[in-house]
Amino acid sequence: MTAINAVTDLTTDGELGVITIDSPPVNALSADVRDGLAGAMAAAVADDAVKAIVLICAGRTFIAGADISEFGKPPRGAALHDVQARIENSPKPVVAAIHGTALGGGLEVALVAHYRVAVLSAKFGLPEVKLGLLPGAGGTQRLPRVVGARKALEMVTTGTPIGAKAAAEFGLIDAIVDDLRAGAIHFARRVLAENLPLHRVRDKPVLGVEEGMFDAYRRAQAKTFRGFEAPEANIQCIEAAATLPFDEGMAVERRLFMGLMTGLQSKAQRYVFFAERQANKVDGLDPDAPLLPVKSVGVIGAGTMGGGIAMNFLNAGVPVTIVETRQEALDRGVATIRRNYDNTAAKGRMTAADVDTRMGLLTPTLDMGALKDADLVIEAVFENMDLKKDIFGRLDGIAKPGAILASNTSYLNVDEIAAATSRPDHVLGLHFFSPANVMRLLEVVRGAKTDGQVLATAMATAKTIGKVAVVSGVCHGFIGNRMLEQRQRQAMALIVEGALPEQVDRVLFDFGFPMGPFQMSDLAGLDIGWSAETSKGETIRDRLCEAGLRGQKNGRGFYDYDAQRNRTPSPVAEKIILDYAAEKGVNRREVSDAEILERCLYPMVNEGAKILEEKMAQRASDIDIVWINGYGWPVYRGGPMFWADSVGLAKVAEALGRYGIAPAALLARLAAEGKSFTGAV
Ligand code: 3H9
């Protein structure tokens, strides 16, 4: 064996040279890996005894891409294009042996090998678009030469990987093998024995190019790609592959790649990639400490939230006992879960057998005593402190010792809820976002007495059910809703001062949110938390509700909705707003789009700063993860704290002052020192 460097070695197996990369965790193409690969290729080519070369990785995966942490730093080591040229132009056949995830630069390296074999569980993709990038190592030019223009277009613009079976059907791999190393060696021997040619993907034509296909694709995906720069650049690269000679296509790829790489969107998306992984880490907790078991779950309340929460665990194969107080409510809740699954099955995303398996894991009951064996119980009843305290008091007498007791409250004081039990150390908040089976965010609310192991178990559990978990301290509305409140307050003030709901919504939609605050209110229902008996007609919301406006559910809110949910501004709502302003003696004025944006978003940033000051969030990037995954903040703007950094904190602080809002101490200090929240812009 020859160690080429710390992460690469070259061994021989008869007439074969086997290059092994071993660079945990994911064999990313760091400078060391590139150097190692270049050195190993040179050594293997120079060795007359070596007739063919196998490229394989140790650990959990084949190369999972470029090393994202190197981006934006001064270049080091061998250039990836040079390493690839060594492989592609090798006079000896190179067989890439793939397991795990051959992603991005990893797949691009595999694409310069002359042959590719993989195990059945392997996955192949070009996910660069998710980082605001495009495959910059020839992926956009080589992939369509293998899988055809259409499939390549889909793969580079969605970033979604394909499995080994599909890869074999598309000709992306030449064989599926059981034992990777043995299978690859066998394949390489066959190449030699049968004197198979040195296939170079670059020499192939792009198949499946159709007149107008790129513009048709742009039109079809316009809504999904709205605001993002990378999908369009990816499309242009595939278009170049389809219309230009290989080297010219490569030049287009290079130019567009550099444009994206140096831009703010990709910087934001790369930041979010690491922020998301960081969010799951709890400062001060040993990541290797043992966790509590979560093998069975209880859910109290079979309403929209309870049902959605239950589905997360059923999907992960964890049995759920769901408790209601009335049979009718229980039946309705269970029927809703089944209907959701049936709908998924009807769309072909699940089989009928999958539906049965999941429903088979669900035990509906009216008896709270049935929760005695549950490892984790999540209460999801409506927001009422007395009710929650009563439930937790009773649960305390039922749940086994060591069980985790969680509340899905979105605002209430988790410590007060915990105090209703004799084991506040085993109580925390698990704040799911609606629809709970779809939304990725989970706020894990750490009470004053929550035990570290309980918290760590909650974080790990979140990961097993596919959520992005963020730790929040106990404060009103936690991280997300606490900041949302600031935006809502400003939005309401703006429509009194002179804007109209559609203007405010348009500004936030154009910023990149899926909808603005008034559309959101209509969707949620204007009457949430409102009652006719107690309404004093004091707020615009009171008056809208008193006038019978309820939002989307009755087709009348800030907007009127037709049967297809198309919306037009509501003249009734507008009159209520104008009357209200007149009554308050407000002299309505023209409000600029810039003011709307600043007033809706800067106070949120300010609240984020307070949340950090009070240590309610562990780090600024956690706040960004909350807003991206729970509230539709556009990922290409990196979340409110990253965005504020990109605007400049001095500018944010100055504008807040101009609007009569005192900047938080942390914001003021960072602004004065010329610093930032995230250090990432
Ligand atoms: C690219 O290739 C550009 C090219 O076109 C070339 C242009 C010239 N770099 O996700 P996990 C770390 S762009 C650096 O928890 P999993 C990650 O931060 C790249 N670090 O594991 C984490 O660190 P920590 C295209 C990376 O098993 C640890 O590895 N490729 C990279 O759930 C474990 O990660 C991609 O976009 C990286 N590329 O999932 C693939 N990848 O433990 C990105 C991971 O300190 N990666 N890390 O928190 C993934 O999608 C997932 O990590 C993967 C494993 C599926 C591979």
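Report follows, based on the coordinates. (Residues numbered from 1 in each chain as written. Predicted model: local features only at pLDDT ≥ 70, side-chain atom pairs only at ≥ 80, totals over all residues. Heavy atoms only, no water.)

### Section: the overall build of the chain
- Each helix and strand in the chain was counted, giving 27 helices and 20 strands.
- Reported as C-alpha extents along the three principal axes, the dimensions of the chain are approximately 90 × 60 × 55 Å.
- For the chain, with 681 residues in total, the buried portion stands at 53%.
- When contacts within the chain are restricted to residue pairs at least 6 apart in sequence, long-range pairs at least 24 apart make up 72% of them.
- Accessible area of the chain: about 28,700 Å², with a carbon and sulfur share of 53%.
- Of note, the chain has its 75 positive side-chain charges centred 1 Å away from the centre of its 81 negative side-chain charges. (Helix = DSSP H or I, 4+ residues; strand = E, 2+ residues; numbered from the N terminus. Buried < 20%, exposed > 50% of the residue type's maximum accessible area, 1.4 Å probe, protein only. Contact = heavy atoms within 4.5 Å. Areas by Shrake-Rupley, 256 points an atom, 1.4 Å probe, with all protein chains shown as cover. Lys, Arg positive; Asp, Glu negative; His and termini not counted. Charge placed at Lys NZ, Arg CZ, Asp CG, Glu CD.)

### Re a positive patch on the surface
- Residues Arg 60, Arg 277, Lys 281 and Lys 463 make up a contiguous surface patch of positive charge.
- With respect to the helices and strands, Arg 277 occurs in helix α11 (residues 264–279). (Patch = residues over 30% accessible without salt bridge, like charges linked within 9 Å, V, L, I, M, F, W, Y side chains within 5 Å. Salt bridge = Lys/Arg side-chain N within 4 Å of Asp/Glu carboxyl O.)

### As for the packing of aromatic side chains
- Under the counting rule described, the total for this entry stands at 16 aromatic pairs.
- Ring geometry for Phe 513 and Trp 627: centres 6.5 Å apart, planes at 85°, overall edge-to-face. Here Trp 627 lies in helix α24 (residues 620–630) and Phe 513 lies in the loop between α19 (501–511) and α20 (517–524), a separation of 114 residues in the sequence. This pair shows no difference in class: Phe 513 is buried, exactly as Trp 627 is.
- Through a chain of ring-to-ring contacts, three or more aromatic side chains come together here, namely Phe 433, Phe 511, Phe 513, Tyr 602, Trp 627, Tyr 631, Trp 633 and Trp 643.
- Geometry around Tyr 559 places Arg 567 over its ring, the cationic atom sitting 4.9 Å from the centre.
- When the ring centre of Phe 511 is taken as origin, the NZ or CZ atom of Arg 637, which lies over that ring, is 4.2 Å away. (Phe/Tyr/Trp six-rings, centres within 6.5 Å; stacked < 30°, edge-to-face > 60°. Lys NZ or Arg CZ within 6 Å of the ring centre and 35° of its normal.)

### What to know about the sheet that holds strand β12 (residues 320–323)
- Overall, mixed pairing links the 8 strands, which are arranged β13-β12-β11-β14-β15-β16-β17-β18 in an open sheet. Edge positions in the sheet fall to β13 (362–365) and β18 (468–472), since each of these pairs with one other strand and no more. Between one strand axis and the next, the sheet turns by 25° as a mean value, whatever way the strands run.
- Pairing analysis gives 4 bridges linking strand β14 (residues 376–379) to strand β15 (residues 404–407), with the strands arranged parallel. Paired with Glu 379 across the bridge in β15 is Ser 407. (Pairing = 2+ DSSP bridges. Axes fitted to C-alpha atoms, helices over the stretch in contact; angles between N-to-C directions.)

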